[in-house]
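What the coordinates show
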Amino acid sequence: MAGMRDSSTSIPIHPDQQIVGACPHDCPDTCSLVTTVRDGVATQVHGNPAHPHTDGALCTKVSRYTERTYHPERILHPLKRTGPKGCGQFERVSWESALSDIAARLSAIASRGPDAAQAIQPYSYAGTMGLVQSESIAARFFHQLGASFLNRTICATAGGEGLAQTLGRKVGMRVEFFAESKLIIIWGSNSIASNLHFWRYAQVAKRNGAKLICIDPRKTETADKCHEHIALRPGTDAALALALMHELIVNDWLDHDYLAQYTLGWEALRAHALEWTPERAAAICGIAAEQIRALARDYGGCLQRGEPAAIRMNYGLQRVRGGGNAVRAIACLPALIGAWRHRAGGVLLSCSGAFPVARAALERPDLLAGRTPRTINMVTIGNDLLRPASPAFGPAIEALVVYNSNPVAVAPDSSKVVQGFAREDLFTVVLEHFQTDTADYADYILPATTQLEHWDVHLSYGHTDALLNRPAIAPVGEAKPNTQIFRELAAHMGRHDPGFLDPCFTESDESLCRAAYGSAVDFELLLRQGFATLPMAEAPFASGGFPTPSGRCEFFSARLHSQGQDGLPTYLANYEAVGSSAEFPLAMISPPARNFLNSSFVNVKSLRDIEGEPIVELHADDAQARAIQSGDVVRVFNQRGEYRCKAKVSPRARPGVVNGLGVWWRKLGLAGTNVNQLTSQNLTDMGAGPTFYDCLVEVALLK
Ligand SMILES: Nc1nc2c(c(=O)[nH]1)N[C@H]1C(S)=C(S)[C@@H](COP(=O)(O)OP(=O)(O)OC[C@H]3O[C@@H](n4cnc5c(=O)[nH]c(N)nc54)[C@H](O)[C@@H]3O)O[C@H]1N2
Ligand SMILES: Nc1nc2c(c(=O)[nH]1)N[C@H]1C(S)=C(S)[C@@H](COP(=O)(O)OP(=O)(O)OC[C@H]3O[C@@H](n4cnc5c(=O)[nH]c(N)nc54)[C@H](O)[C@@H]3O)O[C@H]1N2
Ligand SMILES: [Mo]
């Protein structure tokens, strides 16, 4: 792009470059970014106006991206621990010394016997969603090593499995068509905070007369802007969905033709739903039966008027024991009224299943060469780090390599997690941008590049465009892309195991970017414009064609049934249901803070200033009963631990439910705690996911 001209002299000055990239964060929006670079320095990041979903707009967090990249606390060179674990004392070392020591330590473990490398555990999630900087060279590295697998469950597996068992995989409506819907049910999602670009489509629909209904225990900023808000108790969504079906059935607001042609198990579901009167569900959900009837009138009314009805689910509702079943129950609803017949009707939770990612080409599972290492669930890392060797478990975890994740802050049941990370006999390597709570426990911290500094390709779980990220600037300090760190670590491992000298460990990032989609996405188009829309039907299930074994929307899942589960979507009470404990009477949810992304950005001061302090929102009745006022420092506690924060008496909290917002860095919170001090390692009904929002607590003034 042409540089600016000084009007007095007409001499070009400071020609700015505009580099097109992609937002790497774990967010459904996956925006197309444009970074302005002057003299090798990124001066600004803004939303790409040429990308329809981004439409030139970014969230507050990512529009501050240069503040994060050039943060004075960026880790700029490898660090080696000098003090006790967790105290955060490190000294600068060279890459050569760090990598050769790490390779020697890992090789020593792996060389003890055929399955010994299982004592080495990778731990990663979606710090970057990039296909290349997440599991490409890293996966090859751990496959070659024979390290334990990691089941990456911490976010979405309950809902993902619920969708897979109902619609076939993570597929759904195309997000842009929400703009044409006449009824939008926003279910378990604070879209303004965490799915802003969907919200823009919902706003268009609203201006064109659509009704918006929000189903969420918390009166979020999204609920404020909807016509109606149903503030149910956490973990009761399946009961609500079944009662909604009940009303559709008794009023005969059903698309009988769609049900007959394109669904499986209707008679059984019908009988099951008829047991769910609005009164029965209302008592469980803690809402009025009339609200359920009104919801059914709105939803069934769309069928009667021939108007499209759409549901935007998000992952908030599946972080409870029955999360998979809840997603299943909701995913069934569009088929009852034939909403899928319209391109602006149906449901969307995630559309990531639409992307033809060549995972095997990136990850090379063939490097396992017949070995089948055990799998560790990332949600239970707290318990697993503390487990001794046993025939059932295998070896104790002796080495941990963490990248793209901050488990000490984000994993449930922090006291266990911290205890595990504090083990003096655990060798821990953390690839990071910052000295997070997790990095404090590392033996080595290795500096990783940010999105402005490396290549990548992306999918999205909230729209159907593939994106390319070009590096805008050179790596800051001595930082290296994750891929490069694993390439160099592999080269050092090659001294101990020649398998690491395979050419697959020298493949470049650009080559990996090309390999990620193979020929399924036009890479030249990605290079030219930064994004490429997947070819997809506008109304994918208008005439059935679900990617399930039967090709139908599976109300009844034979696969679930064969696993000993209920084959029909059903309501499962929370592990920690309201009323089940006299000691801990309040349900706590801990949804995202708008200006953080999980625990990312907590250390960006301008964003932390907007969030203020760690808070727990309480309803006035619950606050009054405990003589708590806004601004008081409180203890939120249960059998697992205690979290200190400030109380905020707020109409956003419903009676009996408190909201502990955001995953703060422990060391930036009060008394070195965050909300995961309270959450449990219990797993969801499907997908072995976390149950962050299935958690009973008590709140008291700090004496
Ligand atoms: N700003 C911001 N954006 C984010 C994130 C962030 O931390 N900050 N996180 C990102 C990540 S990792 C993800 S997975 C996505 C999606 O992440 P989600 O967690 O789905 O994000 P939200 O939509 O903000 O929050 C979920 C909503 O569900 C509500 N909720 C909690 N329990 C229940 C329940 O039992 N039933 C119902 N109906 N609702 C419930 C919460 O009050 C909250 O408003 O968002 C991403 N986007
Ligand atoms: N109580 C409670 N806990 C939760 C949630 C909740 O709602 N409530 N949400 C859960 C959810 S949905 C999720 S997805 C998880 C998220 O948990 P994580 O995936 O751990 O997400 P972040 O906390 O954002 O941490 C990501 C880290 O990766 C680093 N990173 C980013 N890019 C790169 C890179 O290119 N290379 C390297 N080496 N590092 C990089 C960042 O600096 C950051 O510290 O948290 C879960 N925890
Ligand atoms: Mo997530």
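Rules used throughout
- Residues numbered from 1 in each chain as written.
- Chains lettered and ligands numbered in written order.
- Predicted model: local features only at pLDDT ≥ 70, side-chain atom pairs only at ≥ 80, totals over all residues.
- Heavy atoms only, no water.
- Helix = DSSP H or I, 4+ residues; strand = E, 2+ residues; numbered from the N terminus.
- Rg over C-alpha atoms; globule rule 2.2 N^0.38 Å.
- Buried < 20%, exposed > 50% of the residue type's maximum accessible area, 1.4 Å probe, protein only.
- Contact = heavy atoms within 4.5 Å.
- Areas by Shrake-Rupley, 256 points an atom, 1.4 Å probe, with all protein chains shown as cover.
- Lys, Arg positive; Asp, Glu negative; His and termini not counted.
- Charge placed at Lys NZ, Arg CZ, Asp CG, Glu CD.
- Axes fitted to C-alpha atoms, helices over the stretch in contact; angles between N-to-C directions.
- Parallel < 35°, antiparallel > 145°, perpendicular 65-115°, else oblique.
- Nonpolar A, V, L, I, M, F, W, Y, C, P; charged D, E, K, R; others polar.
- Near = heavy atom within 4 Å.
- Polar contact = N/O pair within 3.5 Å; in protein donor to acceptor, adjacent residues only side chain to side chain.
- Core = buried A, V, L, I, M, F, W, Y, C linked by side-chain atoms within 4.5 Å.
- Domains from an automatic or database assignment.
- Pairing = 2+ DSSP bridges.
- Buried area = accessible area lost by both parts, 1.4 Å probe.
- Salt bridge = Lys/Arg side-chain N within 4 Å of Asp/Glu carboxyl O.
- Disulfide = S-S within 2.5 Å.
- Arc of directions from axis to C-beta.

To continue, consider the overall build of the chain. Within the chain, the secondary structure is distributed over 24 helices and 29 strands. Rg of the C-alpha trace for the chain: 25 Å, near the compact-globule value of 27 Å for 703 residues, within the 12% margin. Reported as C-alpha extents along the three principal axes, the dimensions of the chain are approximately 70 × 65 × 60 Å. Burial statistics for the chain: of 703 residues in total, 62% are counted as buried. Residue pairs at least 24 apart in sequence account for 76% of intrachain contacts in the chain once pairs closer than 6 positions are excluded. Element-wise, carbon and sulfur atoms account for 52% of the exposed surface of the chain, whose accessible area totals about 24,400 Å². Treating the 66 positive side-chain charges of the chain as one cloud and the 70 negative ones as another, the clouds have centres 2 Å apart.

Attention now moves to the packing of helix 9 (residues 237-250) against helix 11 (residues 266-273). The geometry of helix 9 relative to helix 11 is characterised by a closest axis approach of 8 Å and an angle of 105 degrees between their N-to-C directions. The angle between helix 9 and helix 11 places the two elements in the roughly perpendicular class. Listed contacts from helix 11 to Leu242, Met245, His246 and Ile249 of helix 9 are Trp266, Leu269, Arg270, His272 and Ala273. Of the residues that constitute the contact of helix 9 with helix 11, the class distribution is 6 nonpolar, 2 polar and 1 charged.

Another point: the site of ligand 1. Taken together, 35 residues lie near ligand 1, and Asn190, Asp216, Asp237, Arg319 and Phe596 sit nearest. Taking Arg594, its main chain carries an N or O atom lying 2.9 Å from a nitrogen atom of ligand 1. When grouped by side-chain class, the residues that make up the shell around ligand 1 number 19 nonpolar, 9 polar and 7 charged.

Once that is clear, we can look at unusual backbone geometry. In this structure, Asp55 takes a positive phi of about 50 degrees despite not being glycine. Along the chain, Asp55 falls in the loop between strand 5 (41-47) and helix 1 (60-63).

Formed by 180 residues in total, the largest nonpolar core has its most connected members in Phe141, Trp187, Leu240, Tyr299, Met313, Val457 and Phe486. The biggest single contributor to this core is helix 9, with 10 residues. What Leu240 contacts, discounting residues up to four positions off in sequence, is Trp187, Ile215, Ile230, Leu232, Ala281, Cys285, Ile287, Ile292 and Leu295. Core analysis: the next-biggest nonpolar cluster, separate from the first, contains 26 residues, Val37, Leu58, Leu607 and Trp665 among them.

Attention shifts here to the site of ligand 2. What surrounds ligand 2 is a group of 31 residues, the closest being Glu432, Ser599, Ser600, Asn676 and Tyr693. Measuring from an oxygen atom of ligand 2, one finds a side-chain N or O atom of Ser405 at 2.8 Å. Leu597 has a polar backbone atom sitting 3.3 Å from an oxygen atom of ligand 2. Residues belonging to the shell around ligand 2 are distributed by class as follows: 12 nonpolar, 15 polar and 4 charged. Counting only domains with at least three residues in the shell around ligand 2, you end up with domain 2 (79-148 + 373-533) and domain 4 (586-701).

With that settled, the discussion passes to the side chain of His454. Summarising the element assignment, His454 is placed in the loop between strand 19 (444-447) and strand 20 (456-458). Engagement of the side chain of His454 in a polar contact is seen with the side chain of Thr449, the distance being 2.8 Å. A distance of 3.4 Å separates the side chain of His454 from the backbone oxygen of Thr450, its partner in a polar contact. Each residue touching His454, except ones within four places of it in the same chain, is listed here: Gln133, Thr449, Asn469, Arg470, Pro471 and Pro481.

With that settled, consider the sheet that holds strand 25 (residues 615-618). Each strand in a sheet pairs with its neighbour through backbone hydrogen bonds, running either in the same direction (parallel) or in the opposite one (antiparallel). Taken in spatial order, the 6 strands of this closed barrel run 24-28-25-27-26-29, and their pairing is mixed. Averaged over all pairs of adjacent strands, the angle between strand axes in this sheet comes to 45 degrees, irrespective of strand direction.

So, about the domain arrangement of the chain. Annotation of the chain at the domain level lists domain 1 (17-69), domain 2 (79-148 + 373-533), domain 3 (158-352 + 540-562) and domain 4 (586-701). Placing the centre of domain 3 and that of domain 4 at their C-alpha centroids yields a distance of 28 Å. Contacts between the two partners involve 28 residues from domain 3, matched on the other side by 20 residues from domain 4. Roughly 2,000 Å² of surface becomes buried between domain 3 and domain 4 when both sides are summed, with 56% attributable to carbon and sulfur atoms.

Any two side chains of opposite charge can pair if their charged atoms end up close together. A complete count under the given rule lists 40 salt bridges for this structure. When the shortest N-O distance is used, the salt bridge between Arg218 and Glu221 registers 3.8 Å. Both residues of the pair, Arg218 and Glu221, belong to the buried class. A salt bridge links Lys667 to Asp440, with the nearest nitrogen and oxygen atoms 3.0 Å apart. Of the two residues, Lys667 is situated in the loop between strand 28 (657-660) and strand 29 (696-701) and Asp440 in the loop between strand 18 (427-432) and strand 19; the sequence distance between them amounts to 227 residues. Using a relative accessible area of 9% as the deciding quantity, one classes Asp440 as buried. Through salt bridges with shared partners, a single network forms among Arg81, Lys85, Glu424 and Asp443.

Glancing now at the sheet that holds strand 17 (residues 399-403). Spatial ordering of the open sheet is given by 7-6-19-18-17-8, a layout of 6 strands whose pairing is mixed. Both outer strands of the open sheet, strand 7 (90-92) and strand 8 (120-124), are each paired with one neighbouring strand and no more. With strand direction ignored, the average angle separating the axes of adjacent strands in the sheet is 20 degrees. When strand 8 meets strand 17, the two strands line up parallel, connected through 5 bridges. Within strand 17, the residue paired with Ser124 across the bridge is Tyr403. In this fold helix 3 (residues 95-110) packs onto strand 6 (79-81), strand 8, strand 17, strand 18 and strand 19, with an angle of close to 125 degrees to the strand it touches most, strand 19.

Bringing the environment of Leu254 into the picture now. Mapped onto the elements of the fold, Leu254 is located in the loop between helix 9 and helix 10 (256-262). On the basis of relative accessibility, which here comes to 9%, the residue Leu254 falls in the buried class. Every residue in contact with Leu254, bar those within four places of it in the chain, is listed here: Leu248, Ile249, Leu259, Trp266, Leu303 and Leu336.

The next thing to look at is the side chain of Thr691. Mapped onto the elements, Thr691 comes out in the loop between strand 28 and strand 29. In contact with Thr691, other than residues within four places in its own chain, are Arg319, Val320, Arg321, Tyr575, Ser680, Asn682, Leu683 and Thr684.

This next bit is on the state of the cysteines. A complete count under the given rule lists 0 disulfides for this structure. Considering cysteine sulfurs only, Cys645 is the nearest to Cys695, which forms no disulfide, with 12 Å between them. Cys695 gets classed as buried once you look at its relative accessible area, which sits at 2%.

Another aspect to go through is helix 11. When we look at burial in helix 11, the residues that qualify are Trp266, Leu269, His272 and Ala273. Mapping the buried residues of helix 11 onto a view down its axis gives an arc of 125 degrees, with all of them on the same face. Looking at the buried positions of helix 11, the neighbouring elements they touch are helix 9, helix 10, strand 13 (263-264) and helix 14 (323-336).

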